[in-house]
Amino acid sequence: MKLSTKHLLGIKDLTRDDIQLILSTAEQFKEVLQRPVKKVPSLRDVTIVNLFYENSTRTRMSFELAERRLSADVLNFAATTSSAAKGETLLDTVNNILSMKVDMVVMRHSASGAPHFLAKHIPAAIVNAGDGINEHPTQALLDAFSMKEKLGKLEGLKVAIIGDIMHSRVALSNMYLLKKMGAEVTIAGPPTLIPKYIEQALDVRVEYNLKKALQWCDVANVLRIQLERQNQPLFSSLREYNLAYGINRKLLESLGKEIVIMHPGPINRGVELDSDVADGPFSIILNQVENGVAVRMAVLYLLANEQG
Amino acid sequence: MKTILSAQQLTLTVKRLAHQILEHNATLQDTVIIGLQPRGIFLSDRIVAELRGLVQPGAIQYGKLDITFYRDDVRQGLHIANSTDIPFSLENKHVILIDDVLYTGRTIRAALDALLDFGRPSKVSLCVLIDRRFSRELPIQPDFSGKTIDTIISQKVKVCWKERDEVDEVVLV
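Reading the values: rules and limits
Residues numbered from 1 in each chain as written. Chains lettered and ligands numbered in written order. Predicted model: local features only at pLDDT ≥ 70, side-chain atom pairs only at ≥ 80, totals over all residues. Helix = DSSP H or I, 4+ residues; strand = E, 2+ residues; numbered from the N terminus. Rg over C-alpha atoms; globule rule 2.2 N^0.38 Å. Buried ≥ 20, exposed ≤ 12 C-beta atoms within 10 Å, placed from the backbone. Contact = placed C-beta atoms within 7 Å. Nonpolar A, V, L, I, M, F, W, Y, C, P; charged D, E, K, R; others polar. Pairing = 2+ DSSP bridges. Axes fitted to C-alpha atoms, helices over the stretch in contact; angles between N-to-C directions. Domains from an automatic or database assignment. Core = buried A, V, L, I, M, F, W, Y, C linked by C-beta atoms within 7 Å.

## Remarks on the overall build of chain A
Of the regular secondary structure elements, chain A holds 12 helices and nine strands. Compactness check: chain A gives a C-alpha radius of gyration of 19 Å against a globular reference of 19 Å for 308 residues, within 12% of the reference. In terms of its C-alpha atoms, chain A occupies a principal-axis envelope of roughly 55 × 45 × 35 Å. Scored against the burial criterion, the 308 residues of chain A give a buried share of 45%. A separation threshold of at least 6 residues defines the contact pool for chain A, and within that pool the share at least 24 residues apart is 75%.

Next up, the structure:
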């Protein structure tokens, strides 16, 4: 058994078997991370560059930790402090890095499709760490891993994805993954933040009433309002958004059932999630972060084996 | 196809290995048994069951180790990882590694590497069911061996367990 792909560009390209293989391998890496020595020598002969054209805390650190715990050599690149600021093109930058014998590229870019473009032009394996408003596959994988860990299965699970669906690569990757694994998906949020025709395109349900969505679901994956990607006002104010779509403890307690709260981070506290929920007993947000390292180790380990 | 061990011989061999282990460590104090995933587990399960009937059952610490992430041929094809379960420290313990067939010695080399990540054992011994003695690629030898055989590279030793293959036997293919 092996992955059906040479790169991880998006969940869209993965088969159900690929996803299962990544999740089961991640389980073994999670055990590695509980050992006194949290490191294995698997990728001793592999060099990986983290190419970040957009800011990141969790994803970048999580990838770097995953790489180091697999014993790979790691190079870090941040666009703002590099020659990209002098106008060097993406392809030139990557070709220069690869000529220094780098085997894999982990990249984040604000342009949707940037990793797909690179994959066509360079021989190295590419892992998409988020491209514009398209996909963020490792986030969806770690979300799925966390749901499975918490609730025991993905098949038949009811997942609500709440908030800024329009600008969220996390939402798109999650929808692809959950549908492939047989979960039911409802998306909820203000109409201006939900793309038209999404029900037909992705076979999901749309619900504009937050409380109804929460009452239906087992898991609520709450997204960040991405003000940096909104070039026109899509709701009148953050305060109003919080009143209509913010999740607080009182609301959760009124549901009469327990649901799991997830968030990919960074959280806008007091906007999509209030602190009493983000830090509350139903939240598995920090478990998601912990699982991220194991899931990324699995992705890198499996892709490295596709090379050579 | 040639039978190396029949079902009855296999049962007797497992019993003998368990007794040999006890002969060297009468109370199993500070001793831990580690079976190697995936195929060594069938043997280690049986040896541990045998030992539990011979000493205080609580005295035996038993773990399972998967060496996939420590292999020296990572890039020559994908290996699927199995679970590792060692819920105790190996610091200053006598570790008895158990695997079904000792062939090139490379699995054991990887296992020795992996063990060190769980603490520094005071001693490591190796127990195998079948020792293919002339096929070694590394200087590694068993301390307890069920049966030593002479084989050539083109031959394969197949160990079948009732739990999985419905029959207990070892054959040379």
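## Overview of the interface of chain B and chain A
Listed as interface residues are 13 residues of chain B and, on the opposing side, 15 residues of chain A. The residue inventory of the side of chain B that touches chain A, partitioned by class, reads seven nonpolar, three polar and three charged.

## So, the sheet that holds strand E4 (residues 125-131) of chain A
Residue and element names in this part refer to chain A. Read from one edge of the open sheet, four strands run E2-E1-E3-E4, paired in parallel fashion. Looking at the sheet topology across the chains shown, the edges are occupied by strand E2 (73-78) and E4. If you compare each strand with its neighbour and ignore which way they point, the axes differ by 15 degrees on average. Alignment of strand E3 (residues 104-109) against E4, held across five bridges, turns out to be parallel. What sits directly across from Met104, in E4, is Ala125.

## A look at the domain arrangement of chain A
Residues and elements named next belong to chain A. As assigned here, chain A comprises domain 1 (11-135 + 291-304) and domain 2 (137-288). A separation of 25 Å is found between the C-alpha centroids of domain 1 and domain 2. Across the contact, 22 residues belong to domain 1 and 23 residues belong to domain 2.

## Thoughts on the nonpolar core
Ranked by internal contacts, the top residues of the largest apolar core, which has 138 residues, are Met104, Ile161, Ile162, Ala298, Leu300 and Leu303 of chain A together with Leu97 of chain B. Sorting elements by how many residues they give to this core places helix H12 (residues 285-304) of chain A first, with 11 residues. Of the residues that make up this core, three or more belong to each of domain 1 (11-135 + 291-304) and domain 2 (137-288) of chain A.

## Some thoughts on the environment of Ile162 of chain A
All names here are of chain A. Along the polypeptide, Ile162 turns up in strand E5 (residues 158-162). Here the alpha-carbon distance between Ile162 and Pro191, two residues 29 residues apart in the chain, equals 12 Å. Excluding anything up to four places from it in sequence, Ile162 contacts Ala188, Gly189, Leu210, Ala213, Ala220, Asn221, Val222, Leu223 and Tyr245.

## Some words on the sheet that holds strand E3 (residues 61-65) of chain B
Residue and element names in this part refer to chain B. If you trace the five strands from one edge of the open sheet to the other, you get E3-E2-E4-E5-E6, paired in parallel fashion. Where the open sheet ends on each side, the last strands, each with one partner, are E3 and strand E6 (144-149). Mean inter-strand twist for the sheet, computed between neighbouring axes without regard to direction, equals 25 degrees. Sheet analysis places strand E5 (residues 123-132) next to E6, joined by five bridges and oriented parallel. Paired with Val128 across the bridge in E6 is Ser145.

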